[in-house]
Amino acid sequence: MFATLCDQKGWPCYACTSLTDFLKTIEKLTPRTIITRYRLEDGYSDEVLSLISASARFATTRVMVLLPANAPTLQEIRQVDLGADCVMRDPLRLEVLLAHVGRNRGRVKGSAETAFVPEHTFEIAGVTVHANQFLLAKGGRSVEVAPQVVALLRLLARSVDKVLPYPFIYSELFNRRFTGDTSNARVLLAKAATNMDQLGVDFRTHIKVIAKSGYLYQHQAPREPRGNAKRTAV
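Below is a summary of the structure that appears in this document. (Residues numbered from 1 in each chain as written. Predicted model: local features only at pLDDT ≥ 70, side-chain atom pairs only at ≥ 80, totals over all residues. Heavy atoms only, no water.)

Two elements in contact, helix α7 (residues 147–158) and helix α8 (residues 166–173), have axes whose closest approach is 11 Å; the angle formed by their N-to-C orientations is 145°. Judged by the sense of rotation from one axis to the other, the crossing of α7 with α8 is right-handed. Note on element contacts: α8 touches α7 through F168, E172 and L173, opposite Q148, A151, L152 and L155. Its residues assigned to classes, the contact of α7 with α8 comprises five nonpolar, one polar and one charged. (Axes fitted to C-alpha atoms, helices over the stretch in contact; angles between N-to-C directions. Helix = DSSP H or I, 4+ residues; strand = E, 2+ residues; numbered from the N terminus. Left-handed = near helix turned anticlockwise from the far one by under 90°. Contact = heavy atoms within 4.5 Å. Nonpolar A, V, L, I, M, F, W, Y, C, P; charged D, E, K, R; others polar.)

What follows is the structure in structure tokens.
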């Protein structure tokens, strides 16, 4: 129904049935407005917001998130913190939704929007992370990584020589409360380590797993005594 109303106004509209479908579609487009449900078929709006916020290409794109009527206030606040320009709740009024889209289409780009947005990069374990492009680079080589890997590396780089606690990891990366099961964090850390391996960096030597607490990233990998080398498990 909404897509039909947009077509009647002559506004190009692309409907995506899943997060996977959205990721494929967004490779070819730079939309003025993105409207997403909080819960998608294969993911959440968090992943949409993380992608849009991390790329300079979408500096002028406005994102609207649609929440269930009974969604907690903290969930709404989190969407705003992640970069949502507008958060609405069920029941939705299509005329209000159309008004928002129309306003975004008629926006006059200000200097902040037309200015060049520099690429965001940071370093970790001797590797340069190009956050906007989801790339790791070292010595003329590069490897593409998942957005969540970049997010994890950013958290670790910001907490060098400090324990990054599991509750914070799960809140920031998985949008849920930590219950004691570290499997999701271990899988994500293993992905990051595999990506680093492709660049010749043994990331495991920089990470210390603190039982029941979290991960400790050390910029300088500690040296193990000869004959007693032990690789940190991820």
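Text resumes after the structure shown.
Of the voids in this model, the largest pocket is the one considered here, and its volume is about 1,100 Å³. Counting only elements with at least two residues in the lining of the largest pocket, the list comes to α2 (19–26), α3 (45–54), α4 (73–82), α7, α8 and α9 (183–197). When grouped by side-chain class, the residues that make up the lining of the largest pocket number 19 nonpolar, six polar and eleven charged. Roughly 930 Å³ of internal volume is contained in the second largest pocket. What lines the second largest pocket is a set of 32 residues, among which C13, Y14, T33, I34 and I35 lie closest to the centre. When residues of the lining of the second largest pocket are traced back to their parent elements, those giving at least two are α1 (2–8), α2, β1 (33–37) and α5 (94–105). Sorting elements by how many residues they give to the lining of the second largest pocket places β1 first, with five residues. In the lining of the second largest pocket, the residues fall into 23 nonpolar, six polar and three charged. (1 Å grid on protein atoms, 1.4 Å probe; cavity = no way out; pocket = protein on both sides within 12 Å on 5 of 7 lines; lining within 4 Å. Points joined across faces, edges and corners; volume = space filled by probe spheres on them.)

Before going further, it helps to spend a moment on unusual backbone geometry. A cis amide bond, omega 0°, links D90 with the succeeding residue P91. In this structure, P91 sits in the loop between β5 (86–89) and α5. For D161, which is not a glycine, the phi torsion comes out positive at approximately 65°. In this fold, D161 is placed in the loop between α7 and β10 (163–165). The exposed category is assigned to D161, whose relative accessible area is 54%. If you check the backbone angles, K212 has positive phi at about 65° while not being a glycine. Topologically, K212 is positioned in the loop between β11 (207–210) and β12 (214–217). On the basis of relative accessible area, K212 is assigned to the exposed category, the value being 83%. (Buried < 20%, exposed > 50% of the residue type's maximum accessible area, 1.4 Å probe, protein only.)

Following both chains from N to C, one finds α8 and α9 inclined at 75°, their axes separated by 10 Å at the closest point. Compared by their axis directions, α8 and α9 come out roughly perpendicular. Touching Y166, I169, Y170 and L173 of α8 are S183, N184, A185 and L188, all from α9. A per-class count over the contact of α8 with α9 returns six nonpolar, two polar and no charged. (Parallel < 35°, antiparallel > 145°, perpendicular 65-115°, else oblique.)

It is worth spelling out the packing of aromatic side chains at this point. For the structure on display, the rule yields five aromatic pairs. With a centroid separation of 5.2 Å and an interplanar angle of 25°, the aromatic rings of Y166 and F178 are classed as stacked. Of this pair, Y166 sits in helix α8 while F178 sits in the loop between α8 and α9, placing them twelve residues apart in sequence. Residue class for F178 comes out buried when judged on its relative accessible area of 19%. A centroid spacing of 5.4 Å and a plane angle of 75° characterise the contact between Y166 and Y215, whose relative ring orientation is edge-to-face. Of this pair, Y166 sits in helix α8 while Y215 sits in strand β12, and the two are 49 residues apart along the sequence. With respect to burial, Y166 and Y215 carry one shared label: buried. (Phe/Tyr/Trp six-rings, centres within 6.5 Å; stacked < 30°, edge-to-face > 60°.)

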